[in-house]
Amino acid sequence: MYKRKLVAQLKERLIEPRRFIQIVVGPRQTGKTTAVIQALKDLDVPAHFVSADDPNAVGTEWLINEWEQARALAKNNEALLVIDEIQKVSKWSSIVKLLWDEDNRLLSSLKVVLTGSSSLLLQKGLAESLMGRFEILYSPHWHYAECKEAFDYTLDDFLFFGGYPGASSLIKDESRWARYMGMSIVEPTISHDILMMEEVRKPALLRSLFMLGSGYSAQELSFTKMLGQLQDAGNTVTLAHYLDLLGKANILTGLQNYSGNQIRTRKSAPRFMVYDTSLMVYAEGANRRRLLDNPTNKGRLVESAVGAYLLARGKEEGFEVFWWRDRGNEVDFIIKKGNQLTAIEVKSGRVKNVGGSLIFKQQYPEALSLVVGSANCGLEDLLLGKKPLFI
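Residues numbered from 1 in each chain as written. Predicted model: local features only at pLDDT ≥ 70, side-chain atom pairs only at ≥ 80, totals over all residues. Heavy atoms only, no water.

A. Spotlight on the pattern of salt bridges. Tallied over the entire structure, the rule returns 26 salt bridges. Among the salt bridges present, the one from R271 reaches E303, with a minimum N-O distance of 3.0 Å. Of this pair, R271 sits in strand β7 (residues 271-274) while E303 sits in helix α15 (residues 295-317), and the two are 32 residues apart along the sequence. Accessibility classification places R271 together with E303 in one group, the buried group. A salt bridge links R290 to E284; the nearest nitrogen and oxygen atoms lie 3.8 Å apart. Taking the relative accessible area as the measure of exposure, R290 reaches 41% and is therefore partly exposed. Note on E284: relative accessible area 25%, which makes it partly exposed. (Salt bridge = Lys/Arg side-chain N within 4 Å of Asp/Glu carboxyl O. Helix = DSSP H or I, 4+ residues; strand = E, 2+ residues; numbered from the N terminus. Buried < 20%, exposed > 50% of the residue type's maximum accessible area, 1.4 Å probe, protein only.)

B. Highlighting the packing of aromatic side chains. Per the stated rule, a full pass over the model turns up 13 aromatic pairs. With a centroid separation of 4.8 Å and an interplanar angle of 75°, the aromatic rings of F160 and F161 are classed as edge-to-face. What makes F160 buried here is its relative accessible area of 1%. Among the residues examined, F161 registers a relative accessible area of 2% and is labelled buried. The interplanar angle of 70° and the centroid separation of 5.4 Å between the aromatic rings of F319 and F390 together place this pair among those described as edge-to-face. In this pair, F319 is assigned in the loop between α15 and β8 (320-326) and F390 in the segment after α17 (379-383), connecting sequence segments 71 residues apart. The burial state of F319 is the same as that of F390; both residues are buried. Chaining the aromatic ring pairs together yields one cluster made of Y258, F322, W324, F360 and Y364. Lying across the ring of W100, R18 places its NZ or CZ 3.6 Å from the centre. (Phe/Tyr/Trp six-rings, centres within 6.5 Å; stacked < 30°, edge-to-face > 60°. Lys NZ or Arg CZ within 6 Å of the ring centre and 35° of its normal.)

As structure tokens, then:
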């Protein structure tokens, strides 16, 4: 079975002396649980693995009981406790804090791994009780290099079907693939990862915003224009909040227009960007030929693939992703890590203004420039991770 880089990262941390709770987070159906199980098998350490996936069967008493069983394994030797989908346990963070601190006082050798879907987990639990007690390992959508090696994807396969490993066996039947995306990815993400974790007064609006934004991926759309296209849209504050929730669930975000002035950056109209191109394809309801053969449609698909790649790398490596427009000049992506800036243009085949990178470079001379699709930086090379993103 294919092993992601995440498996080796987790093993390295679990071999180290007990210091932190290891938190594995990422979008639904990206293989978090599989990676943890693979790491456990390679380590050959006594382990207690439990899942909180059934919200009706778990609670505070359940969590304490499972922790006690793991403690029994660690009485004489090092042992591991893994709790899958921990965010589904009510008030989980305060209980984990209590039990972890007890183990610290008793000099326990029990190491703990928690997994959860979406960064809503972080907001709801980690920031409340566990500050200074955890490290994060991010499980992004699968990159092209992984899909190519594991599933023998071509570049067009990856552009269209994206990086959900569970859907890879269905790509010969696009209708069946689309049903899987709806029932196993999109609806559970919205219903369980967002609606069960946050108060959303208009669930239908949230779903409509996801479909609209995913269909508009790689395009700018102001909140005012969104109000005209969505029924019962309420106001721009509601839409901005719902888009923020979709971003935290790792399915759709709104890239902000880069500015050295952070206030201007936050107030800019968002450029929609899916976290995986399959979400755009699902929202479009389009067949493979129409998306890949039409230059404009394929251009947006290519730009969305680059954007999704940058978002995933940004989560793993700690950099931010923007776009840029100033007086008709634009750059597809601006990435920022500390004081480092890189302007990334994508030659995707669709008609748009060119030369934005030169204007951006005049304003920010320290920035690196990349043109994806050029002789120096091919699309496939970028998506395979062969091109450095910063100086």
